[in-house]
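Results of the structural survey
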Amino acid sequence: MAASGGDISGAMLGSNLSATNVTIQSSSGAIAGNGDIFVNDTVSWSANTLTLDAYRNIMVNREMNGWQHRRRQHQRPRQPSRRQ
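Here the structure is a predicted model, which means the values were calculated and not measured.

1. Some points on helix α1 (residues 10-17)
Among the residues of α1, those classed as buried are Gly10, Leu13, Gly14 and Leu17. Taken around the axis of α1, the buried residues stretch over an arc of 100°, which confines them to a single face. Tucked into the core, α1 has its buried residues touching β1 (22-25), β3 (43-44) and β4 (50-53).

Next up, the structure:
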């Protein structure tokens, strides 16, 4: 999430949140990564719920001004590596 170069801008996310709940998942981004979500743009909203679902980390680097927000990280068990 960034003003430019991310999957969505803070302004667009705020606009989407005015209409409905939004879930951002690290597994569904257009840009390949390692399972992190970075909030690099200010996000403001006054209705509905924002859920950030990351495989690894959620890094909030800008303000999040919301009616209701929860910062929650889901830890998924990693598959054991197999030696051949």
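There is more to say, and it comes next.
2. Observations regarding the pairing of β4
The side chains of a regular strand alternate between the sheet's two faces. Neither face of β4 is exposed, since Leu50 and Leu52 on one face and Thr51 and Asp53 on the opposite face are all buried. Inspection of the sheet shows β1 paired to β4 by four bridges, in the parallel sense. Bridging across to β4, Ile24 finds its partner in Leu52.

3. Observations regarding unusual backbone geometry
It is generally the case that most residues other than glycine have a negative phi and that most peptide bonds are trans. For Asn48, which is not glycine, the phi dihedral falls at a positive 70°. With respect to the secondary-structure elements, Asn48 resides in the loop between β3 and β4.

4. Quick notes on the environment of Phe38
Tracing the chain through its elements places Phe38 in strand β2 (residues 37-39). On the basis of relative accessible area, Phe38 is assigned to the partly exposed category, the value being 39%. Put simply, Phe38 and Asn57 are 19 residues apart on the chain and 8.3 Å apart in space, counted from C-alpha to C-alpha. In contact with Phe38, not counting residues within four places along its chain, are Met1, Met59 and Asn61.

Reading guide: rules and limits
- Residues numbered from 1 in each chain as written.
- Predicted model: local features only at pLDDT ≥ 70, side-chain atom pairs only at ≥ 80, totals over all residues.
- Heavy atoms only, no water.
- Buried < 20%, exposed > 50% of the residue type's maximum accessible area, 1.4 Å probe, protein only.
- Helix = DSSP H or I, 4+ residues; strand = E, 2+ residues; numbered from the N terminus.
- Arc of directions from axis to C-beta.
- Contact = heavy atoms within 4.5 Å.
- Pairing = 2+ DSSP bridges.

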